[in-house]
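Fold and contact review
These are the residues of each chain, in order.
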Amino acid sequence: MKANTPFERGLVLCIAGAGLLLLGSCAERPRPVPAPAPTVAPAVAPPQAIVPSRPAADWRDRPATSGVWRWSRSGPLSISRFEDANFVRFSMTCDPAARTVTLRTYLTGGPQVAMVITTPGGRKVMAAVRDETELPLNYAVSLAANDPWLDQMAFARGRFMVEGPALPALYLPSWPEVSRVIEDCRQA
């Protein structure tokens, strides 16, 4: 058919355009390219640093270390121990004669290593010295009974964290046994 008038030419163009559209709709649509699978970086052990790296801002959201606090008295000493299945992980001992609270945990290293206590109020790095008076806890830090850092631990809004070389972080609940030892020392 030969289009002679402008109307016929427009009609032929419309019919041809509609045919192309129909042919285009029959063609297979391109499939989306799948995203490459994420690669998992190999686990790298943290370096054995004297001072542990700064904890994540959300350390309080991590699961609490399993165990319970137990308070006892041994002569004049007031002692709270955090235990899991009869294994002591951390202890606080009040020596009323010296008016000190001694914090003990199991660490590895030389004669002096860092023990780090983190509370919602901050982070304190202390020099722990080798002390084998309460094995398996082999490192200790002594604080004066009126040290404000003890208040940070006692009123830690639920928990505080203890870290040190080769020690998986301990997320310890701030139960009444923590306050008991501190108060026993302050009232001595």
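As shown above, the structure is provided for reference.
Here's what I pulled together on the structure shown here. (Residues numbered from 1 in each chain as written. Predicted model: local features only at pLDDT ≥ 70, side-chain atom pairs only at ≥ 80, totals over all residues. Heavy atoms only, no water.)

A count of helical and extended segments in the chain gives three helices and nine strands. Each helix and strand of the chain, placed in order from N terminus to C terminus, yields the pattern α-β-β-β-β-β-β-β-α-β-β-α. Buried positions account for 35% of the 188 residues belonging to the chain. Accessible surface, the chain as shown: approximately 11,700 Å² in total, 61% of it carbon and sulfur. (Helix = DSSP H or I, 4+ residues; strand = E, 2+ residues; numbered from the N terminus. Buried < 20%, exposed > 50% of the residue type's maximum accessible area, 1.4 Å probe, protein only. Areas by Shrake-Rupley, 256 points an atom, 1.4 Å probe, with all protein chains shown as cover.)

As summarised here, the arrangement of the nine strands in space is E1-E2-E3-E4-E7-E6-E5-E8-E9, forming an open sheet in which the pairing is antiparallel. The two strands at the open ends of the sheet, each matched to only one other strand, are strand E1 (68–74) and strand E9 (167–173). Each adjacent strand pair in this sheet contributes to an overall mean axis angle of 30°, direction not counted. Here E1 runs beside strand E2 (residues 77–84); their pairing, made up of seven bridges, is antiparallel. Across the sheet, serine 72 pairs through a bridge with isoleucine 79, a residue of E2. (Pairing = 2+ DSSP bridges. Axes fitted to C-alpha atoms, helices over the stretch in contact; angles between N-to-C directions.)

Next up on the list: the pattern of salt bridges. Across all of its chains, the model carries 11 salt bridges by this definition. Across the pair arginine 81 and glutamate 134 runs a salt bridge whose closest N-O atoms are separated by 3.0 Å. Taken together, the residues span a long stretch of sequence, with arginine 81 in strand E2 and glutamate 134 in strand E6 (residues 122–134) at a distance of 53 residues. Relative accessible area serves as the criterion here: at 22%, arginine 81 is assigned to the partly exposed category. Across the pair arginine 186 and glutamate 183 runs a salt bridge whose closest N-O atoms are separated by 4.0 Å. Of the two residues, arginine 186 and glutamate 183 are both situated in helix H3 (residues 176–186); the distance of three residues between them amounts to about one turn of the helix. According to the relative accessible area criterion, glutamate 183 is partly exposed, its value standing at 36%. What you see here is one network of salt bridges that share partners, running through Arg81, Arg104, Asp131 and Glu134. (Salt bridge = Lys/Arg side-chain N within 4 Å of Asp/Glu carboxyl O.)

Once that is clear, we can look at the pairing of strand E3 (residues 87–95). Bridge count between E2 and E3: seven bridges; the pairing is antiparallel. Residue pairing across strands places arginine 81 opposite serine 91, the latter belonging to E3. Once E2 ends, the chain turns through two residues before running back antiparallel as E3, passing alanine 85 with a positive phi of about 50°. Pairing of E3 with strand E4 (residues 100–105) involves six bridges; the strand directions are antiparallel.

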